[in-house]
Amino acid sequence: MIKYLKGDVLKISPFPSVILHSCNCQGRWGGGVARAIALEFASAEEIHKKYCSNYQSDPRKLLGLSQVISTSRGDEGNRAVSLTPSVETKFILCLFTSNIGGSKADRPSSILQNTEKALKNLEAKLFCDEADLHTLTDDREELQAILKLRSTFDLNKDRLVSQGPEGDRPDSSKLDIYLPLINSGIFHTPWDDTEHILKRNQKYFNYNVVVL
Ligand SMILES: Nc1ncnc2c1ncn2[C@@H]1O[C@H](COP(=O)(O)OP(=O)(O)OC[C@H]2O[C@H](OP(=O)(O)O)[C@H](O)[C@@H]2O)[C@@H](O)[C@H]1O
């Protein structure tokens, strides 16, 4: 399911929820929605920078991969629930779709290809058999974030990648994801093309696209 909502993705997404955006491979959340996420979730920006620094010698290796981040209760963006331990905080999901942003962004065709790869990588991280997670990330902090997300949204065995043919799953069993019009700003890729990729990859995800 792809649903369109009007507003600010950081405000409209409930607690707990999952916010998805596209990233460069430099560990920089310099502009657009990434900058807004950095301002609201300072802990997430720190975790993201550290993650990317492991690829400093060849940042392009991140292309087509994803990162799962659990934000911290002390972040500005979690202040509504900061004193309510029973309510879980937000998660940030990153798709590495272009090496650099701005005028140096990769070609839209490459951005689209890497968007699809990164979505599949994310799908595996969130829905694979837990015993296989070590093949998808060796980052301890990300591993913890993945496990926390899976337990928060009860992504249990019924939702495993290997089960059931395409289209079999009701929307109610999928993970709700909140996202802006990814790739369409600083990464200058037409939204319709990204939407096409999302449509092809909705076996496990419901997309709530939030338009400013
Ligand atoms: N709060 C909000 N709620 C809802 N929608 C919001 C919003 N804020 C902005 N938008 C809209 O969200 C769309 C995507 O536009 P964006 O330019 O952000 O993302 P993108 O995916 O094209 O590019 C990624 C690179 O942008 C950054 O820039 P740097 O490389 O650091 O310079 C990153 O770090 C990446 O690298 C546009 O429709 C914006 O109107």
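Heads up: the structure comes first, above all this text.
Reference entry: report on the structure contained in this document. (Residues numbered from 1 in each chain as written. Predicted model: local features only at pLDDT ≥ 70, side-chain atom pairs only at ≥ 80, totals over all residues. Heavy atoms only, no water.)

1. Section: the packing of helix H4 (residues 108-127) against helix H6 (residues 191-200)
For clarity, the threshold we go by: Every axis corresponds to a line fitted to the C-alpha atoms, with the helix fit spanning only the stretch in contact, and the corresponding angles, defined between N-to-C directions, vary from 0 to 180 degrees. Numbering of helices and strands runs from the N terminus, with a helix taken as a DSSP run of H or I at least four residues long and a strand as a DSSP run of E at least two residues long. Any angle that falls under 35 degrees is termed roughly parallel, while one over 145 is termed roughly antiparallel, one within 65 to 115 roughly perpendicular, and all others oblique. Each crossing gets its handedness from the near helix: less than a right angle anticlockwise from the far helix is left-handed, clockwise is right-handed. Any two residues whose heavy atoms approach within 4.5 Å at even a single point are treated as in contact. Note that Gly is not counted as nonpolar here; it falls among the polar residues with everything else outside the nonpolar set of Ala, Val, Leu, Ile, Met, Phe, Trp, Tyr, Cys and Pro and the charged set of Asp, Glu, Lys and Arg.
In contact at an axis separation of 10 Å, H4 and H6 are set at 25 degrees when each is read in the N-to-C sense. Taken as axis vectors, H4 and H6 run roughly parallel relative to one another. The way H4 lies across H6 gives a crossing that is right-handed. Across from Leu112, Thr115, Glu116 and Leu119 in H4, the residues of H6 making contact are Asp193, Thr194, Ile197, Leu198 and Arg200. Looking at the contact of H4 with H6, its residues break down into four nonpolar, two polar and three charged.

2. Here we look at the packing of H4 against helix H5 (residues 140-152)
The geometry of H4 relative to H5 is characterised by a closest axis approach of 9 Å and an angle of 70 degrees between their N-to-C directions. Taken as axis vectors, H4 and H5 run roughly perpendicular relative to one another. Only Glu142, Ile146, Leu149 and Arg150 of H5 make contact with H4, whose side of the interface consists of Ala124, Lys125, Leu126 and Phe127. In the contact of H4 with H5, the residues fall into five nonpolar, no polar and three charged.

3. Brief notes about the site of the ligand
The condition that has to hold: Throughout, near means a residue has at least one heavy atom within 4 Å of the molecule or strand. Identification of polar contacts relies on pairs of N or O atoms within 3.5 Å, with a donor-acceptor requirement for protein atoms, meaning one able to donate a hydrogen and the other able to accept it, and with residues adjacent in sequence counted only if both atoms are side-chain atoms. What sets the accessible areas is the Shrake-Rupley method with a 1.4 Å probe; for residues, cover comes only from the shown protein chains.
The ligand sits among 23 residues. The nearest are Gly30, Val33, Asn183, Gly185 and Ile186. Within the side chain of aspartate 8, a nitrogen or oxygen atom sits 2.9 Å from a nitrogen atom of the ligand. Taking 770 Å² as the accessible area of the ligand by itself, protein coverage stands at 86%.

4. Things to note about helix H3 (residues 42-53)
For clarity, the threshold we go by: Here a helix's expected span is defined as the number of its residues, less one, multiplied by 1.5 Å. Whether a residue is buried, partly exposed or exposed follows from its accessible area with a 1.4 Å probe, protein chains only, as a fraction of its type maximum: under 20%, in between, or over 50%, in that order.
Here H3 spans 17 Å end to end across twelve residues, near enough to the 16 Å set by a 1.5 Å rise per residue. Among the residues making up H3, those that are buried are Ser43, Ala44, Glu45, Ile47, His48, Tyr51 and Cys52. Taken together, the buried residues of H3 touch strand S2 (18-23), helix H2 (32-40), strand S3 (66-70), strand S4 (91-96), H4 and H5.

5. Let's talk about the pattern of salt bridges
Selection rule: Here, a salt bridge means any side-chain nitrogen of Lys or Arg that lies within 4 Å of a carboxyl oxygen of Asp or Glu.
Summed over all chains, the structure comprises twelve salt bridges. The partner of glutamate 40 in a salt bridge is lysine 11, with the nearest N and O atoms 4.0 Å apart. Here glutamate 40 is found in helix H2, whereas its partner lysine 11 is found in helix H1 (residues 9-12), with 29 residues between them in sequence. A relative accessible area of 16% means that glutamate 40 is categorised as buried. Salt-bridge contacts for lysine 199 lead to glutamate 195; the nearest nitrogen and oxygen are separated by 3.4 Å. A residue pair is termed a helical-turn pair when its members lie 3 or 4 positions apart in one helix, as lysine 199 and glutamate 195 do in helix H6 at four residues. Classification of lysine 199 as partly exposed rests on a relative accessible area of 46%. For glutamate 195, a relative accessible area of 16% puts it in the buried group.

6. A few points about the pairing of S4
Which entries qualify depends on this criterion: Strand pairing requires that DSSP identify at least two bridges connecting the strands.
The element S4 is extensively covered by neighbouring structure, given that six of its six residues are classed as buried. By the alternation rule, side chains of S4 split into Phe91, Leu93 and Leu95 and Ile92, Cys94 and Phe96, which are all buried. Here S2 pairs with S4 via six bridges, running parallel. Note that in S4 the partner of serine 22 across the bridge is leucine 95. As paired elements, S3 and S4 share five bridges and run antiparallel to each other. If you follow isoleucine 69 over to S4, its bridge partner there is isoleucine 92.

7. Considering the packing of aromatic side chains
Stated precisely, the cut-off is as follows: Classification of ring pairs uses Phe, Tyr and Trp, with its six-membered ring standing for Trp, and accepts pairs whose centres are within 6.5 Å; under 30 degrees between planes counts as stacked, over 60 as edge-to-face, and the remaining range as tilted. The rule for a charge over a ring is simple: NZ of Lys or CZ of Arg within 6 Å of the ring centre, and within 35 degrees of the ring normal.
Considering all chains together, one arrives at seven aromatic pairs under this definition. The rings of Phe127, Tyr204, Phe205 and Tyr207 are connected pair by pair, giving a single aromatic cluster. Positioned over the ring face of phenylalanine 15 is lysine 90, at 4.5 Å from the centre of the ring.

8. Observations regarding the environment of isoleucine 92
Within the secondary structure layout, isoleucine 92 lies in strand S4. Using a relative accessible area of 0% as the deciding quantity, one classes isoleucine 92 as buried. It is 7.8 Å that separates the C-alpha atoms of isoleucine 92 and histidine 21, two residues lying 71 residues apart in sequence.

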